[in-house]
Amino acid sequence: MNFKRNFPLAEICTLNIKEIASYYCEISDFEDIEEIRSFISHKNIPFLLLGEGTNIVPTDTFKGLVIQNQIKGIELLDSFTIKVSSGENWHDFVEWTVKNKKYGLENLALIPGTVGAGPIQNIGAYGSEIGAYIKEVTFYDFHKDKVGAFSQKDCNFSYRSSVFKEKPELFILSVTFELNNEPKLNLSYDSLKEQISKDGLNEKNLKPIDIFNTVKKIRTRVLPNHLKQPNVGSFFKNVYIKKEELKKLKLPSDIQTFEQDDIVKISSAHLIEKFGWKGFRRGSLGISEQHSLVLITYEETSGEEIVTLSNEIIKDIYSKTGLKLEVEPTFV
Ligand SMILES: Cc1cc2nc3c(=O)[nH]c(=O)nc-3n(C[C@H](O)[C@H](O)[C@H](O)COP(=O)(O)OP(=O)(O)OC[C@H]3O[C@@H](n4cnc5c(N)ncnc54)[C@H](O)[C@@H]3O)c2cc1C
């Protein structure tokens, strides 16, 4: 295997950050895991698993081995069960499902990254989450030197979270999906419905490919393209609180809230915009003009600068509302 030294993290993550990793390797065959394991234990260094680097924020030099996952393959287990290797690109796989008449993932089109990273934060968009379609996740446990599997229930999926968030020693090898052979369209998200009606599509005749294309269209319009304008998607999570806690906050009356049973969702995008951070720029980084949840880098920057700006925004909103925003990407 080729272990590279002093590897620039900007080459493998979608923020333009000048931090480096002491060592870097790619894995495209699980057979290589033994060599990687002995490299780590011989050098006595930590490791970091990476897919396409679209959801990590390197905050300093990583004094360990970055392992970039490129294990590929799609296997049909029966007419609606599909086992996908973790290094496959997520959007390409969603497109494959639509073409092959396996339905359910259309609302998750164009989310960047790999299939294997999807379960980590239970990727979600336009009223859908990956966890709802997962039957099983297989992994290699670096601590126990053993392959294992979690059922959907074991994964403990919730909003932008799962059991894997607390277990960085688990290398996700494959994800098995149970999809629908018959279309079951999810039009629960208002902006999706609005776009469909704007495009003159008749809801009664809609097909999964229409949802797939509409989601692509909306995302291309509302989100800065990470390949042209370095970013990691939403930098902050939306806030979910109990209804009774709402009274204790100092929220401006026009802040968007969405109530469901006892829980209230507060739009972080709206909060960030309301308090003047949308379009804010300081030196090499700022908050996108296009989408207030997206932190972007204009030129090479340091991890420290990103952490400073992110903390400043969290502190500002907390002091004005009593709400503490949480960051979505993984800080390394
Ligand atoms: C423009 C843009 C839009 C986005 N939109 C959305 C969105 O709508 N919804 C959403 O949920 N997310 C969104 N994201 C975030 C991102 O796309 C997802 O989190 C994606 O799953 C990250 O995939 P990745 O392969 O790039 O993971 P990486 O960034 O490489 O890694 C992310 C985390 O997963 C871990 N990891 C990666 N692969 C493995 C593995 N095989 N085994 C174990 N751990 C692993 C890493 O250690 C790290 O902690 C967006 C990002 C961008 C840049």
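Keep in mind that what you see is a predicted model, and the values were worked out from it rather than measured. (Residues numbered from 1 in each chain as written. Predicted model: local features only at pLDDT ≥ 70, side-chain atom pairs only at ≥ 80, totals over all residues. Heavy atoms only, no water.)

Visitor: Explain the packing of helix H4 (residues 190–198) against helix H5 (residues 208–222) to me, please; I cannot follow it from the model alone.
Guide: Geometry of a packed helix pair, given as the angle between the helix axes and the separation of the axes. Interhelical geometry of H4 versus H5 gives an angle of 105 degrees and a closest axis separation of 10 Å. Compared by their axis directions, H4 and H5 come out roughly perpendicular. Contact residues: Ser191, Leu192, Gln195 and Ile196 in H4; Ile211, Thr214, Val215, Lys217, Ile218 and Arg221 in H5. The class makeup of the residues in the contact of H4 with H5 is five nonpolar, three polar and two charged. (Axes fitted to C-alpha atoms, helices over the stretch in contact; angles between N-to-C directions. Helix = DSSP H or I, 4+ residues; strand = E, 2+ residues; numbered from the N terminus. Parallel < 35°, antiparallel > 145°, perpendicular 65-115°, else oblique. Contact = heavy atoms within 4.5 Å. Nonpolar A, V, L, I, M, F, W, Y, C, P; charged D, E, K, R; others polar.)

Visitor: Looking at this structure, how should I read the site of the ligand?
Guide: Taken together, 32 residues lie around the ligand, and Leu49, Thr54, Asn55, Pro112 and Thr114 are the ones closest in. Contact distances for the ligand include 2.8 Å between a nitrogen atom and a backbone N or O atom of glycine 124. Contact with the protein chains removes 93% of the 980 Å² of surface that the ligand exposes when unbound. (Near = heavy atom within 4 Å. Polar contact = N/O pair within 3.5 Å; in protein donor to acceptor, adjacent residues only side chain to side chain. Areas by Shrake-Rupley, 256 points an atom, 1.4 Å probe, with all protein chains shown as cover.)

Visitor: What's the story with the sheet that holds strand S11 (residues 146–151) in this structure? I'm lost.
Guide: Sheet strands pair by backbone hydrogen bonding; their relative direction is either parallel or antiparallel. Strand order in the open sheet made by the five strands is S6-S7-S12-S10-S11, with antiparallel pairing throughout. This sheet does not close on itself; its edge strands, each paired only once, are strand S6 (74–76) and S11. Averaged over neighbouring strand pairs, the angle between their axes works out to 20 degrees when direction is ignored. For S6 and strand S7 (residues 81–85), the ladder comprises three bridges, and the chain directions are antiparallel. (Pairing = 2+ DSSP bridges.)

Visitor: Looking at this model, I keep getting lost on the nonpolar core. Mind explaining?
Guide: The nonpolar side chains of a soluble globular protein tend to be buried with one another. If you look at the biggest cluster of nonpolar residues, it comprises 37 residues, and the most contacted ones within it are Trp90, Phe93, Leu105, Phe164, Phe177 and Leu192. Counting only elements with at least two residues in this core, the list comes to S7, helix H2 (90–99), strand S10 (134–141), strand S12 (170–178), H4 and H5. Every residue in contact with phenylalanine 177, bar those within four places of it in the chain, is listed here: Phe80, Thr81, Ile82, Val84, Trp90, Phe93, Leu105, Val115, Ile130, Tyr133, Ile134 and Lys135. Within the second largest apolar cluster, 28 residues are counted, among which are Val57, Val239, Trp277 and Leu285. (Core = buried A, V, L, I, M, F, W, Y, C linked by side-chain atoms within 4.5 Å. Buried < 20%, exposed > 50% of the residue type's maximum accessible area, 1.4 Å probe, protein only.)

Visitor: Would you explain the pattern of salt bridges in this entry?
Guide: Pairs can form between side chains of opposite charge once their charged atoms are near each other. Going through the model one piece at a time under the given rule, you end up with ten salt bridges. The partner of lysine 274 in a salt bridge is aspartate 254, and the shortest N-O contact between them spans 2.9 Å. Residue lysine 274 is located in helix H6 (residues 268–274), and its partner aspartate 254 is located in the loop between strand S14 (239–242) and strand S15 (257–260); the two are separated by 20 residues in the primary sequence. Judged by its relative accessible area of 39%, lysine 274 is partly exposed. On the basis of relative accessible area, aspartate 254 is assigned to the partly exposed category, the value being 44%. Residue glutamate 312 pairs with arginine 282 through a salt bridge whose shortest N-O separation is 2.8 Å. Of this pair, glutamate 312 sits in helix H7 (residues 303–321) while arginine 282 sits in strand S17 (residues 281–282), and the two are 30 residues apart along the sequence. Exposure remark for arginine 282: the relative accessible area of 36% places this residue in the partly exposed category. (Salt bridge = Lys/Arg side-chain N within 4 Å of Asp/Glu carboxyl O.)

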